[in-house]
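# Descriptive analysis of the structure
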Amino acid sequence: KVPHDYSEQSTKTLPSFLIKNAPKVMDILGTTCVDDLECVEVGDGNLNLVFIVANHKSGIKMIVKQSLPYVRCVGHSWPLTLERSFFEYKALVAEKEACPNFVPSVYYFSKSNGIIAMEYLAPPCIILRKGLIQGIRYPTMAADMGTFCAQTFFKTSGFRLSPTQLRQQVQFWSRNVEMCALTEQVVFTEPYMQADNNHWTTPQLDEDKKAIENDNVLKVAAAMWKAKFLSKTQSLIHADLHTGSVMCAPEPGKTYVIDPEFAFYGPMGFDTGAFVANLVLAYVSQPGHANGDDYATWILEQIAVFWNTLVAQFVALWKDPLEHTGFLYGAETLESASYECQVAFFSDLLTDTLGFAGMKMLRRVVGIAHVEDLESIEDAEVRSQCERRAIEIAKKFIKSAESFRSIEEAIECARSQQ
Ligand code: ADP
Ligand code: SR1
Ligand code: MG
Ligand code: MG
Ligand code: MG
């Protein structure tokens, strides 16, 4: 189903494509001449092409991302819908509206070519995952991510919308079904069975993988989390909110969320869980990097900052009648129970956060797509010890998410896991 006018771009073809099709991009780049443009491909994700396009005379740069009709890290044998690019574009616009400071600006979108041109986030902005491997401390990153989640969740949910508006949004975003199906396969299904896509540090983790396949309590819990992923249509979620989808600089407020091609209406806890999971993965990886114990402790502290900021910002929106215009927890009917409603809501969100966090951690150790935090540890003995710790924390989160009464208890669980 590739459109007839789709053409996969290269560093050679992209300048003339932009000159022919994207005058606004050329305006921003400040030239009409192909020879002024220089392209490099910098995509390091699993799915797409990403180019930096520069006017080498003025130094102005832009990002041009193109979706491929297949999964990049696998190849043509795994076709994937180009429509993801449309949903990424729509999600970037929606997220920018909800939380302008933490989302790059979009300049151009081509549906038939799956191309998005957007603001270039220049160094010292780098991918957060890489920063956490290098031991960089970001003073506001965790709070900024709490703000991003609170603002986008609240403003796209029944706290803001009428029931009709919410259902229309659910219907629209449900069309991103192929991306949801990919997640259902690689996060919620394959890691718990034998599948060709799976891989792990072998032979060190062979018994750990078998134990996952033989643990029926774990498999029942995983099936429950999958059902929740499919059915809980709370708000627009990013749905791939790991630390590779965040770019940061080590100065206050320089935090940006990128890559929302999986976006749909789903459980808020899938995003908070993904972010918490990837901070825990960064934490358990630290023995394989040379950043010291204080840095590992700092990572765990960021989980609490993230969660507490999210709750505080969400409550502030909830209490503001100009913001809280939707049908959920209506002020006029529930005023006398508003505190109890908040306690119940955040208790449910914490449970979802931890359950989904466990699912997102476990898939990164035994599923198809691993993380650089662990993969970059060359010594297989050291790596597998970090990975085993991740598996054991993940199992506790997946099976017992409801038993954690606070984020601090969950952090203590991660810290004390040997
Ligand atoms: P994928 O969907 O394939 O994972 P991403 O959107 O995550 O692609 O982009 C891949 C890489 O491209 C990122 O890890 C980052 O290094 C770079 N990148 C993406 N968007 C930007 C941006 N707006 N500014 C600077 N670099 C970017
Ligand atoms: C084939 S799985 C690829 C993974 O990369 C994306 O970023 C998502 O996390 C997806 O699960
Ligand atoms: Mg990415
Ligand atoms: Mg992506
Ligand atoms: Mg993940």
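Below: a short report on this structure. Please read these numbers as outputs of a predicted model, since none were measured by experiment. (Residues numbered from 1 in each chain as written. Chains lettered and ligands numbered in written order. Predicted model: local features only at pLDDT ≥ 70, side-chain atom pairs only at ≥ 80, totals over all residues.)

## Points about the pairing of strand β7 (residues 115-119)
- Taking burial as the measure, the five residues of β7 include four buried ones, the bulk of the element.
- With five bridges connecting them, strand β3 (residues 61-67) and β7 associate as antiparallel partners. Bridge pairing in β7 links valine 64 to alanine 117.
- In terms of strand pairing, strand β6 (residues 106-110) meets β7 through four bridges, oriented antiparallel. Its bridge partner being in β7, serine 110 is matched across the sheet by isoleucine 115.
- Linking β6 back to β7 in an antiparallel pair, the connection comprises four residues, with glycine 114 at a positive phi of about 55°. (Buried ≥ 20, exposed ≤ 12 C-beta atoms within 10 Å, placed from the backbone. Helix = DSSP H or I, 4+ residues; strand = E, 2+ residues; numbered from the N terminus. Pairing = 2+ DSSP bridges.)

## Considering the site of ligand 2
- In the vicinity of ligand 2, the contacting residues are Gly45, Asn46, Leu47, Val71, Thr183, Val186, Asp240, Ile368 and Ala369.
- Among the residues forming the shell around ligand 2, the class breakdown is five nonpolar, three polar and one charged.
- Summarising the domain contributions, the shell around ligand 2 has at least three residues from each of domain 1 (14-119) and domain 2 (126-416). (Near = placed C-beta within 6 Å. Nonpolar A, V, L, I, M, F, W, Y, C, P; charged D, E, K, R; others polar. Domains from an automatic or database assignment.)

## Points about unusual backbone geometry
- Across the junction of proline 123 and proline 124, the peptide omega takes the value 15°, indicating a cis bond.
- Within the secondary structure layout, proline 124 lies in the loop between β7 and β8 (126-127).
- Omega for the bond connecting threonine 202 with proline 203 falls within 30 degrees of zero, at 10°, which places this linkage in the cis form.
- Within the secondary structure, proline 203 is located in the loop between α7 (177-186) and α8 (206-214).
- Residues other than glycine seldom take positive phi values, yet aspartate 259 does so here, at roughly 65°.
- With respect to the helices and strands, the residue aspartate 259 is situated in the loop between β11 (255-257) and β12 (264-266).
- Located in the positive-phi region is tyrosine 329, a residue other than glycine, with phi close to 50°.

On their own, these measurements won't tell you what the molecule is for.
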